[in-house]
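In case you want the letters, here they are:
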Amino acid sequence: MSAGVGVDLENLWIRFGDFVAVRDANVNIKGGDFFSFLGPSGCGKTTILRAVSGFLDPSEGNVLIGGNNMQGIGPNKRPTALIFQNLALFPLMKVWENITFSMEIQGASARERRKRADELLDMIALPGQGDKLPSELSGGQKQRVAIARALCAEPDVLLLDEPLSALDLKLRQHMRTELREIQQRVGITFIYITHDQGEALTMSDDIAVMRAGVIDQIGDGKTIYNDPSTAFAASFVGENNVFRGKVSKIIGNEALISTNRSGELHARISTANQGKLQVGDDAMMFIRPEALSLAPTGTQGDHYVTAQVNHEEFEGNTYNIFTEGDGGKEIKISIPNLGQSFDDHTGQPITLEYDVSNAVVVPAGELASE
Amino acid sequence: MNPDKIIRYSIWIYLAIFFAYLLGPLIIMSATAFNSPGFPRMTPWECLTFDWFGALFRDERILNGIWNSVLVGIGTVIMSVSMGLAGALMLTQIWPKLRATYYTIIIAPILIPGVVLGISTLVFWDRINRMLGLGADSFLSNGLFLTIIGQSTFIASYCMLVLVARLQRYDMTLTEAALDLGATHAQAFRKVLMPFMFPAIASAGVLAFLASFENYNTTTFTFGEYPTLTIELAQKVRYGITPAISALAFMIVALTVFFALVNEANIKRKALIAEARKDATVGELAGKVEVPGFLSRNPAAIALIVLLIGTATVVGSAMAYSPDQCIAGVQEQKRLETERRIQELRDQRAKDAAEKSQQEGGAETQSTPKPSNNSGFGSVFAPGTLEGSDSDAGDAAPTDSGGNNSGFGNVFDPNALQNDDN
Ligand SMILES: Nc1ncnc2c1ncn2[C@@H]1O[C@H](COP(=O)(O)OP(=O)(O)OP(=O)(O)O)[C@@H](O)[C@H]1O
Ligand SMILES: [Mg+2]
């Protein structure tokens, strides 16, 4: 079912002088989807959103909304509503005036506006708060008012620019579920921007991972997490352990990597790179902390790693072991706490085991900095 | 003595001197508006009178000057606030590299002497007038037009400074949010930016009006047929001032104090409401009366209100009170005093003459001309008048109307100055 209006970016370039903020982006967002752009600060997420909402003209390429080219159409004529990174509630207007600003523009009467505001206030669980000023609301309440204001304009596409970044952790988690519920209720396309991979993974139908103006990978949360196509995507989304090396052998969709420290290791080639990765290429192998487990010391094989334990920590739900790894990076192993006893391994050699399907090989590339 | 105490006392003394310096002239000036002598003075206090207010409102030129000042003020407010707003908006839009240069240029008129601005306005518009082939009575050489244009050249810069300060606190994404919600640029400007700017626009307007009202040095070149109040006052001083001017000053001071108080009360009230709203719902607040709150926190406001009430009662009682009786009494007293002096002098002279004639056998009957020279003008140079501080020759001259005898001769009368010092 493709209700709602889709958004397409075709060969989109955005330059500021010599600086390229967005490089050749191609994205198809299906109508009614919750789509996230995920990337570190300064990678061009806001820039893309501003191009979609009409505040920025693309240097090259096109933005299509519902199949219509938006070239030359101003932000007030596009069927989009943007929730700004800083919310941008009108400080001198009461909450209900804020929410129904778009109706005021269309010349609706105060009574109609009041009525609509009350409906929306009920929806965002702030009944009876319409007469407050934005400055009298808490962060989470402002957040919800901004959403109501955008929804009041009845946009086909709602654009959200890191709306949760200013909230504390508890509220952020609460708002995630709430946003998702609202999106499913109104059924319009949401384009969501975040640098928080947890947000992107929990809420989105599809995610685009961005790095310095380039879109590295587009896919649903599971694909991005389990089958990253670049070293950046693998290291940016979730925690990951990296093993550097060269491809020494290719067996169908799997490969043997001769790593710098841990000998020859066996792994699966990520879907996007199957058939492209060649013997002799520089490669990186990624294994999630939770995919590693302890094996009897001294076990040999191409899915076993031996390492010296640096330190350990107990996190409550997991027991983490840090061992020395490649190029200054530690290897982290997370063992779920199921009530078993944990030995202290500090300073000892241990052997780690993994399932080949959980180890992913991608071409060597830039890693996300912490 | 405790050094702490010394410091505390000296601070109080310093404050007293400082405020005396600051407010003293205003208080003296205001007081002179209620004293009956024809020259503004506080001592000797003769009669409480409100005639000077009447005289003020009967003075065509002053009234006309006020009217012109108000016209020019309104014109200048409109011109300079809109130019200032445009300039301030421009500053936020302009290419960042040009910003500093633009700012310097737009601020420059403040640094240029008003005299120069006045002359150049006159010359510039005269040229344009001639270029367009218009006559001397055209709109472009109209005094109102020239004065408004001339004053606005630098008052607009003041306004811009005020507006820029506010504009810098404006979040440009608010305009974008309005556009995004379907507003046109004009609607975003009117519904979002303007309400935000309104407090600054209001203060820029007040500032512009006051700056225009008090301006002299630019206006003096441009006023043409429309002399403003400052121009009229300056011209009046040449012919001597009367307490009617003090009355005007008093009214301006009173109005200023009043509006300052109203403003202060407003700010306090808003702060209180904002504070209260934090922990009360809107419904609870609607019933509350907040006004007295600002009094409990501001002794200066109380003092000023007491002063105002005092003034109001004095003025109120004055409606019923007629100073004519008192003035007549004072004049009678003065006349008697003069007569007494004349009598004394006559006696003295007679005595002198008698003595002289006794000694020299009446060789010299003519005495000095001094006693007969009793008019205001002559006694300026009479050393005797300097001694008498209670009543001087100028006022002692018997005249019918206390209002009109004064001006001319007394301005340069050293006695008048001396008496004011007392
Ligand atoms: N108006 C502009 N002029 C010049 N460079 C700009 C402009 N706007 C953005 N940039 C640059 O483009 C890059 C991307 O900016 P953008 O605001 O899209 O980042 P972002 O991904 O939204 O980051 P964040 O998560 O911190 O909000 C940045 O390097 C920024 O410096
Ligand atoms: Mg951003």
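Here the structure is a predicted model, which is why all the values come from computation and not from measurement. In this numbering scheme, every chain counts its residues from 1 along its sequence in written order. Each chain gets a letter, beginning with A, and each ligand a number, beginning with 1, in the order they are written. With the structure being a predicted model, the display of local features is reserved for residues of pLDDT at least 70 and the display and counting of side-chain atom pairs for 80 or more, all residues being used for whole-chain, interface and lining totals. Calculation of side-chain values draws on the structure's entire complement of heavy atoms; hydrogens and water are dropped beforehand.

**Student:** Account for the overall build of chain A, with residues named and values stated.
**Tutor:** Helix and strand definitions follow DSSP, with helices as H or I runs of at least four residues and strands as E runs of at least two, each counted in order from the N terminus. Of regular secondary structure, chain A possesses nine helices and 20 strands. In terms of overall dimensions, chain A has C-alpha extents of about 80 × 50 × 40 Å along its principal axes. In chain A, which comprises 370 residues, the proportion classed as buried is 52%. If you take every contact in chain A between residues at least 6 apart in sequence, the share linking residues at least 24 apart comes to 67%. Computed with the Shrake-Rupley method and a 1.4 Å probe, the accessible areas treat only the protein chains shown as cover for residues. Accessible surface, chain A: about 16100 Å² in total, of which carbon and sulfur atoms supply 47%. Here's how the labels work: a residue is buried when its accessible area is under 20% of the maximum for its type, exposed when over 50%, partly exposed in between, all with a 1.4 Å probe on protein chains only. Contacts are residue-level and defined by heavy atoms, with any inter-residue pair within 4.5 Å sufficient.

**Student:** Describe the sheet that holds strand 12 (residues 254-259) of chain A, listing the residues and the values that go with them.
**Tutor:** Residues and elements named next belong to chain A. Any two strands are treated as partners once DSSP identifies two or more bridges connecting them. If you walk around this closed barrel you meet the five strands as 11-12-13-20-14, and the pairing is mixed. Within this sheet the neighbouring strands show an average axis-to-axis angle of 55°, counted without direction. Here strand 11 (residues 241-251) pairs with strand 14 (residues 282-287) via six bridges, running antiparallel. Across the sheet, arginine 244 pairs through a bridge with methionine 284, a residue of strand 14. Think of each axis as a best-fit line through the C-alpha atoms, taken over the contacting stretch in the case of a helix, with angles from 0 to 180 degrees between the N-to-C directions.

**Student:** Summarise the sheet that holds strand 19 (residues 349-353) of chain A; cite the residues concerned and give the values.
**Tutor:** Residue and element names in this part refer to chain A. Pairing is antiparallel in the open sheet, where five strands are placed in the order 15-19-16-17-18. The open sheet has two edge strands with one neighbour each: strand 15 (293-295) and strand 18 (331-336). Within this sheet the neighbouring strands show an average axis-to-axis angle of 55°, counted without direction. Pairing geometry for strand 17 (residues 318-323) and strand 18, over six bridges, is antiparallel. Across the sheet, the residue bridging to isoleucine 321 is isoleucine 333, located in strand 18.

**Student:** Please set out the domain arrangement of chain A residue by residue, giving values where relevant.
**Tutor:** You'll often see interface size given as the accessible area lost when the parts meet. For chain A, the assigned domains read domain 1 (7-226) and domain 2 (239-363). Domain ranges listed in this record stem from an automatic or a database domain assignment. A straight line from the C-alpha centre of domain 1 of chain A to that of domain 2 of chain A covers 38 Å.

**Student:** Provide a residue-level description of the coordination of the magnesium ion (ligand 2), including the pertinent values.
**Tutor:** Residues and elements named next belong to chain A. Counted as donors are N, O and S atoms no farther than 2.8 Å from the metal, or 3.2 Å for Na, K and Ca; water is not among the atoms, and sites may therefore look incomplete. Protein-derived ligands of the magnesium ion (ligand 2) are Thr46 (OG1) and Gln85 (OE1), with the metal-ligand distances lying across 1.8 to 2.8 Å. Linking threonine 46 in helix 1 (residues 45-53) with glutamine 85 in the loop between strand 6 (80-83) and helix 2 (95-99), this pair joins segments that are 39 residues apart in sequence. Using a relative accessible area of 26% as the deciding quantity, one classes threonine 46 as partly exposed.

**Student:** Can you break down the domain arrangement of chain B residue by residue, with the values?
**Tutor:** All names here are of chain B. According to the domain assignment, chain B consists of domain 1 (56-241) and domain 2 (243-276 + 291-346). When each unit is reduced to the centre of its C-alpha atoms, the spacing between domain 1 and domain 2 is 33 Å. If you look at the interface, domain 1 gives eight residues, while domain 2 gives five residues. Defined in terms of a 1.4 Å probe, buried area is the accessible area two parts forfeit on being brought together, summed over both. Between domain 1 and domain 2 lies a buried interface of about 570 Å² when both sides are counted; carbon and sulfur atoms form 93% of it. For domain 1, the biggest contributors to the area lost against domain 2 are Leu56, Leu233 and Ile241; these three give 63% of the whole. Any Lys or Arg side-chain nitrogen located within 4 Å of an Asp or Glu carboxyl oxygen qualifies as a salt bridge. There are zero salt bridges connecting domain 1 and domain 2. When contributions to the side of domain 1 that touches domain 2 are tallied by element, the ones reaching two or more residues are helix 2 (51-58), helix 3 (60-93) and helix 10 (229-239). Top element by residues in the side of domain 1 that touches domain 2 is helix 10. It accounts for three residues. Under this grouping Gly is polar, as are all residues other than the nonpolar Ala, Val, Leu, Ile, Met, Phe, Trp, Tyr, Cys and Pro and the charged Asp, Glu, Lys and Arg. Looking at the side of domain 1 that touches domain 2 residue by residue, the classes come out as seven nonpolar, no polar and one charged.

**Student:** Got a sec to walk through the environment of leucine 122 of chain B? Specific residues and values, please.
**Tutor:** Residue and element names in this part refer to chain B. Within the secondary structure layout, leucine 122 lies in helix 5 (residues 114-131). Take leucine 122: its relative accessible area is 34%, and that puts it in the partly exposed class. Residues leucine 122 and leucine 15 lie 107 residues apart in sequence; the distance between their C-alpha atoms is 45 Å. With residues near it in sequence (within four places) discarded, leucine 122 still touches Leu146 and Phe221.

**Student:** Tell me about the nonpolar core, residues and numbers included.
**Tutor:** In this structure, Leu9, Phe37, Phe90 and Phe101 of chain A are the most contacted members of the largest nonpolar core, which totals 68 residues. Each residue touching phenylalanine 90 of chain A, except ones within four places of it in the same chain, is listed here: Asn98, Phe101, Pro134 and Arg149 of chain A together with Leu174, Ala177, Ala178, Leu181 and Val192 of chain B. Counting 31 residues, the second largest nonpolar core, distinct from the first, contains Val95, Leu158, Ile182 and Ile188 of chain A. To define a nonpolar core, start from buried Ala, Val, Leu, Ile, Met, Phe, Trp, Tyr and Cys residues and group those joined through side-chain atoms within 4.5 Å.

**Student:** Provide a residue-level description of the UniProt feature "transmembrane region" (unreviewed entry) in chain B, including the pertinent values.
**Tutor:** UniProt positions are given in the numbering used here, feature names are shortened, and annotations may be inferred rather than shown by experiment. Mapped onto the present numbering, the UniProt feature "transmembrane region" (unreviewed entry) falls at residues 12-34, 66-91, 103-125, 145-165, 192-213, 241-262 and 300-321 of chain B. Secondary structure across residues 241-262 of chain B divides into 91% helix and 0% strand, with the first and last C-alpha atoms of the span separated by 32 Å.

**Student:** Which residues make up the confidence of the model for chain B, and what are the values?
**Tutor:** Detailed reading of the predicted coordinates is not advisable wherever pLDDT is low. Residues and elements named next belong to chain B. Confidence of the predictor in every single residue is expressed as pLDDT, which spans 0 to 100. Scored by pLDDT, chain B has a mean of 77; 77% of the residues are at 70 or more. Below pLDDT 50 for its whole length, residues 281-291 participates in 10 contacts with residues either more than four positions away or in separate chains. Ignoring residues within four places in sequence, the model shows residues 364-422, a span with pLDDT below 50, making 54 contacts including any to other chains. Interface confidence for the predicted complex, given as ipTM, is 0.82, next to a pTM of 0.71.

**Student:** Hey, could you go over the pattern of salt bridges for me, with residue numbers and the actual values?
**Tutor:** Applying the stated criterion to the full structure yields 26 salt bridges over all chains. The closest approach of N and O atoms between aspartate 33 of chain A and lysine 30 of chain A, which form a salt bridge, is 3.8 Å. Salt-bridge contacts for glutamate 104 of chain A lead to lysine 191 of chain B; the nearest nitrogen and oxygen are separated by 2.8 Å. Of the two residues, glutamate 104 of chain A sits in helix 3 (residues 101-105) while lysine 191 of chain B sits in helix 8 (residues 185-214), which places them in two different chains. On the basis of relative accessibility, which here comes to 24%, the residue glutamate 104 of chain A falls in the partly exposed class.

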